[in-house]
Every structure is written in C-alpha cells, then in structure tokens.
Amino acid sequence: CRYDRFTMGGGKIDAAMRCTHGTLTQLVNFNGSYSPNSYQLAMDSKVVGGANDMSGMSMSMSVESKRIGECSAKSG
C-alpha cells in the first residue's frame, strides 16, 4: 500500500491510500480529528478493477474514542 495523500496536524487527519492486489486496486480515504484525549476517524474503502468477485466492493466505517483514565498497574 502507498499513500497518495497524508496530512496530519493541528488536530486534523486527512489521507488517501491505494493498495494493489493483483488486478484489483483498493482505494481508501481517511479523515477525522484528534486531541490528546480523544479521536474521531471516518474511513471509506472501494475496490476497483479486475474481473474478480471483489471488484465494486465498498466499505465505510467510523471510530470514536476518548480517554477514560490511567491504566491499572495490576496484570491479570
């Protein structure tokens, strides 16, 4: 995989990635925001090319996270 675009700074992330799998290409776009205690990220992916059953497949997801406190030093 290679990034076509990757920008991260000032609390924002914006990226586009391209992965080649034989005759198929997966195009992935990311965008979101982050801070020291939280982040939000949206991702869209689409497979193009080839005559494979996976061509035309698409996927979208989002992630949201926030810090809730220190980790315990105890191991279980």
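Scope of this entry: the structure provided in the associated data block.

Parameters and conventions
Residues numbered from 1 in each chain as written. Predicted model: local features only at pLDDT ≥ 70, side-chain atom pairs only at ≥ 80, totals over all residues. Heavy atoms only, no water. Phe/Tyr/Trp six-rings, centres within 6.5 Å; stacked < 30°, edge-to-face > 60°. Buried < 20%, exposed > 50% of the residue type's maximum accessible area, 1.4 Å probe, protein only. Helix = DSSP H or I, 4+ residues; strand = E, 2+ residues; numbered from the N terminus. Pairing = 2+ DSSP bridges. Axes fitted to C-alpha atoms, helices over the stretch in contact; angles between N-to-C directions. Contact = heavy atoms within 4.5 Å. Salt bridge = Lys/Arg side-chain N within 4 Å of Asp/Glu carboxyl O.

Some words on the packing of aromatic side chains
Two aromatic rings, taken as a pair, are described by how far apart their centres are and by the angle between their planes.
For step 1, the next point in the chain: On inspection of all chains with the given rule, the structure shows one aromatic pair.
For step 2, the next point in the chain: Note on Tyr3 and Phe6: the rings are 5.1 Å apart at their centroids and 65 degrees apart in plane angle, and the pair reads as edge-to-face.
For step 3, the next point in the chain: Given a relative accessible area of 44%, Phe6 falls into the partly exposed group.

Observations regarding the environment of Ser72
For step 1, the next point in the chain: By secondary structure assignment, the location of Ser72 is in the segment after β5 (58-66).
For step 2, the next point in the chain: Judged by its relative accessible area of 57%, Ser72 is exposed.
For step 3, the next point in the chain: A C-alpha to C-alpha distance of 40 Å links Ser72 and Asp4, two positions 68 residues apart in sequence.

Quick look at the sheet that holds strand β4 (residues 38-48)
Sheet strands associate in pairs through backbone hydrogen bonding, adopting either a parallel or an antiparallel arrangement.
For step 1, the next point in the chain: Strand order across the open sheet formed by five strands is β1-β2-β3-β4-β5, with antiparallel pairing between neighbours. Edge positions in the open sheet fall to β1 (2-9) and β5, since each of these has one partner strand only. Within the sheet, the average angular offset between the axes of one strand and its neighbour, ignoring direction, is 15 degrees.
For step 2, the next point in the chain: Of the strand pairs in this sheet, β1 and strand β2 (residues 12-21) are connected by seven bridges, and their pairing is antiparallel. Opposite Gly9, over in β2, you have Lys12 as the bridge partner.

A few points about the pairing of β4
For step 1, the next point in the chain: Pairing between strand β3 (residues 24-35) and β4: 11 bridges, direction antiparallel. Across the sheet, Asn29 pairs through a bridge with Asp44, a residue of β4.
For step 2, the next point in the chain: The hairpin turn running from β3 into β4, its antiparallel successor, is two residues long.

Let's talk about the side chain of Thr25
For step 1, the next point in the chain: Here Thr25 is to be found in strand β3.
For step 2, the next point in the chain: Among the residues examined, Thr25 registers a relative accessible area of 18% and is labelled buried.
For step 3, the next point in the chain: If we ignore the near neighbours within four places in the chain, the residues touching Thr25 are Arg18, Cys19, Thr20, Lys46, Val47 and Val48.

What to know about the pattern of salt bridges
Two side chains that carry opposite charge are able to pair once their charged atoms sit near each other.
For step 1, the next point in the chain: Counting across every chain of the model gives three salt bridges.
For step 2, the next point in the chain: Among the salt bridges present, the one from Asp4 reaches Arg18, with a minimum N-O distance of 3.2 Å. Of this pair, Asp4 sits in strand β1 while Arg18 sits in strand β2, placing them 14 residues apart in sequence.
For step 3, the next point in the chain: In this structure Arg18 comes out as partly exposed when scored by relative accessible area, which is 39%.
For step 4, the next point in the chain: With its nearest N and O atoms 2.6 Å apart, the salt bridge here joins Glu70 to Arg67.
For step 5, the next point in the chain: In this structure Arg67 comes out as partly exposed when scored by relative accessible area, which is 46%.

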